[in-house]
Amino acid sequence: MAWERPPGRGCGDLRRCLIGVALLLGLRLCAELTRAGTRPLAGSTPPGLAARPPWLHLPPAPDPPRGASRRQVTYVRSGRRAPPGGGGRRTPESGCCPPRGYPRQKGPRWHIDLQPWAGPTQSLDEEAMRFLRYISTTQIACDHMSTGSLATDYSPAKKPWSVCLDDRFGLAHQMQNKQCRLYSLGLGSEDTHFEVSMANNGCEVHRFDPSVKSAHILESQHLWYHRLSINWRDPHPAVAAQKPHSNTRKLGTILNEFGHHKIDVLKADLESAEWKVLENLILENVLEQIGQLIFEIHLHWPGFEVSGSDSNVVRFWYSLLKELELKDFRLFHSYKDLSKPQLFLKRDIFNASSCYTLSWVNTRWK
């Protein structure tokens with residue numbers, strides 16, 4: 001009797017064979033792809049040189065002298081920082097550095113560096129004596145000081161708003177060429193003799209006072225009044241949106257809005273806001289745009305938004321003035337106002353006045 005193949009069995013064997021062949025081809029293809037992934041592409045990386053990550057940009061190495069053997073170097077990014085002042089070569093990363101030939105832009109600081117304590121006890125006596133001695137001792141000589149006519153000197157004790165007209169600092173030359181600019185920061189003061197005198201002597205004068213009636217007033221050919229007050233911070237964005245013509249600005253913001261890059265003289269009488277405004281000028285590097293500073297400082301209380309113990313307050317004041325010195329500003333005139341109450345942090349101590357007018361010149365001013 002003839003043997004008969006069960007129906008459908010041949011088809012099942014053929015299907016299994018095809019599946020097995022497909023699996024073998026798949027495994028072979030995976031193995032080839034795995035081996036290909038571990039090899040560098042032709043021409044992408046020289047043999048022996050590790051592939052550089054996309055964020056690392058290195059200049060091409062110079063060719064070695066003839067006859068010298070080539071060394072193969074592998075570049076590895078290190079997470080360690082180079083010690084301050086050098087001690088290691090840094091690899092520039094994309095976007096970290098300005099183009100060659102352009103100075104690095106300085107970013108704003110968040111706080112000033114406090115000076116060491118005046119003495120081991122950290123007492124008010126130690127801090128106050130150091131501070132008062134510092135503001136009473138000039139650091140540089142100025143042979144020609146004036147607030148009025150260029151041709152007439154006067155006794156500095158009679159007029160506290162003093163500018164230095166020595167040729168080496170350039171202010172007199174700028175005034176003679178009608179290229180001088182003065183900013184005056186005040187709060188409703190009626191005494192504008194200094195501003196008028198400087199305007200008459202060739203300075204473009206901008207007086208910022210929130211009490212004036214109009215936004216901008218041209219008082220005379222060179223004298224402007226602006227209804228703006230100088231603060232140590234700009235208005236909050238939500239407030240600024242509701243009051244687009246707010247009259248409070250940081251000095252750096254006003255300079256940008258006015259398109260002014262330099263101020264030959266900055267005079268400030270801010271009734272105890274001077275400490276925070278001065279701190280803002282230091283932290284935002286606005287000082288570099290100023291030639292001479294004339295500040296009236298008030299010592300009868302800590303000042304707006306200055307807090308801490310009395311010794312801490314005086315240490316903060318002293319540290320601010322030392323920052324000026326670090327920025328190459330030198331004190332050339334100090335005026336102690338004996339007509340004001342003789343108070344130091346609400347107390348009659350140290351034979352101190354509650355008000356001093358100090359004048360500095362930027363020795364690097366050009």
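This is a predicted model, so every value here is computed, not measured. (Residues numbered from 1 in each chain as written. Predicted model: local features only at pLDDT ≥ 70, side-chain atom pairs only at ≥ 80, totals over all residues. Heavy atoms only, no water.)

Helix and strand counts for the chain come out as eight helices and 12 strands. Evaluated residue by residue, the chain yields a buried proportion of 38% over its 366 residues. For the chain, the proportion of contacts with a sequence separation of at least 24, taken over those separated by at least 6, is 65%. Total accessible area on the chain is roughly 23,000 Å²; 54% of this is exposed by carbon and sulfur atoms. (Helix = DSSP H or I, 4+ residues; strand = E, 2+ residues; numbered from the N terminus. Buried < 20%, exposed > 50% of the residue type's maximum accessible area, 1.4 Å probe, protein only. Contact = heavy atoms within 4.5 Å. Areas by Shrake-Rupley, 256 points an atom, 1.4 Å probe, with all protein chains shown as cover.)

Once that is clear, we can look at the nonpolar core. Of all hydrophobic cores here, the largest spans 51 residues; its most connected members are Phe131, Leu266, Trp275, Leu299, Trp317, Leu321 and Phe344. Broken down by element, the residue count for this core peaks at eight residues, all from helix α8 (residues 310–326). Setting aside residues no more than four positions away along its own chain, Trp317 makes contact with Phe131, Trp275, His298, Leu299, Trp301, Pro302, Phe344 and Leu345. The next biggest cluster of nonpolar side chains, apart from the first, holds 18 residues, and it includes Leu171, Cys203, Leu223 and Ile294. (Core = buried A, V, L, I, M, F, W, Y, C linked by side-chain atoms within 4.5 Å.)

Spatial strand order, β5-β6-β4-β3-β9-β10-β12-β11: eight strands in an open sheet with mixed pairing. Only two strands of the sheet have a single neighbouring strand rather than two, namely β5 (216–218) and β11 (329–336). On average, adjacent strands in this sheet sit at an angle of 15° to one another, irrespective of strand direction. Pairing analysis gives five bridges linking strand β9 (residues 263–268) to strand β10 (residues 290–298), with the strands arranged parallel. Paired with Ile263 across the two strands is Ile290, which belongs to β10. Along the sheet, helix α7 (residues 274–283) contacts β9 and β10; its crossing angle with β10, the most-contacted strand, is approximately 155°. (Pairing = 2+ DSSP bridges. Axes fitted to C-alpha atoms, helices over the stretch in contact; angles between N-to-C directions.)

Applying the stated criterion across every chain yields a total of two disulfides. Sulfur-sulfur distance for the disulfide between Cys142 and Cys164 comes to 2.1 Å. With the S-S bond torsion at 110°, the cross-link from Cys142 to Cys164 turns out right-handed. Placement of Cys142 in the loop between α2 (124–135) and β1 (145–146) and of Cys164 in strand β2 (residues 163–164) is noted, with a sequence separation of 22 residues between them. For the residue pair Cys142 and Cys164, the accessibility class agrees, reading buried in each case. Paired by a disulfide, Cys180 and Cys203 hold their sulfur atoms 1.8 Å apart. (Disulfide = S-S within 2.5 Å.)

Turning next to the pattern of salt bridges. According to the stated counting rule, one finds 13 salt bridges in the structure shown. Across the salt bridge formed by Glu195 and Lys267, the nearest N and O atoms sit 2.7 Å from each other. Here Glu195, found in helix α4 (residues 193–200), pairs with Lys267, found in strand β9; they are 72 residues apart in sequence, far enough to count as distant. Across this residue pair, the class does not change: Glu195 and Lys267 are buried. As a salt-bridge pair, Glu284 and Lys250 come within 2.7 Å of each other at their nearest N and O atoms. (Salt bridge = Lys/Arg side-chain N within 4 Å of Asp/Glu carboxyl O.)

For the rest of this paragraph, the subject is the pairing of β9. Most of β9 sits out of view: six of its six residues are buried. Of the pairings in the sheet, the one linking strand β3 (residues 180–185) to β9 comprises four bridges and is parallel in character. When the sheet's bridge partners are listed, Ser184 is paired in β9 with Lys267. For the crossover that starts at β9, traverses α7 and ends in the parallel β10, the hand is right-handed. (Right-handed = clockwise from strand over helix to strand, strands pointing away.)

A few words on the environment of Cys164. Take Cys164: its relative accessible area is 0%, and that puts it in the buried class. For the pair formed by Cys164 and Trp360, sequence separation is 196 residues and the distance between their alpha carbons is 8.7 Å. Setting aside residues up to four positions removed in sequence, Cys164 forms contacts with Cys142, His144, Phe169, Leu171, Gln292 and Phe332.

The N-to-C vectors of α7 and α8 enclose an angle of 40°; their axes lie 10 Å apart at closest approach. Considering their axes alone, α7 and α8 lie oblique with respect to each other. As α7 runs across α8, the sense of the crossing is left-handed. Contacts between α7 and α8 pair Trp275, Leu278, Glu279 and Ile282 from the former with Phe316, Trp317, Leu320, Leu321, Glu323 and Leu324 from the latter. Grouping the amino acids of the contact of α7 with α8 by side-chain chemistry returns eight nonpolar, no polar and two charged. (Parallel < 35°, antiparallel > 145°, perpendicular 65-115°, else oblique. Left-handed = near helix turned anticlockwise from the far one by under 90°. Nonpolar A, V, L, I, M, F, W, Y, C, P; charged D, E, K, R; others polar.)

Predicted confidence across the chain gives a mean pLDDT of 78, with 67% of residues reaching 70 or more. In the predicted structure, residues 148–158 sits below a pLDDT of 50 and forms 21 contacts with residues beyond four places in sequence or in another chain. (pLDDT = per-residue confidence, 0-100.)

It is worth spelling out the packing of α2 against α8 at this point. Remark: α2 packs on α8, axes separated minimally by 9 Å, with the N-to-C direction vectors making an angle of 30°. Classified by the angle their axes make, α2 and α8 are roughly parallel. Of the two elements, α2 crosses α8, and the hand of that crossing is left-handed. On α8, the residues touching Leu124, Glu127, Ala128, Arg130, Phe131, Tyr134 and Ile135 of α2 are Asp310, Ser311, Val314, Arg315, Trp317, Tyr318, Leu321, Lys322 and Glu325. Among the residues forming the contact of α2 with α8, the class breakdown is nine nonpolar, one polar and six charged.

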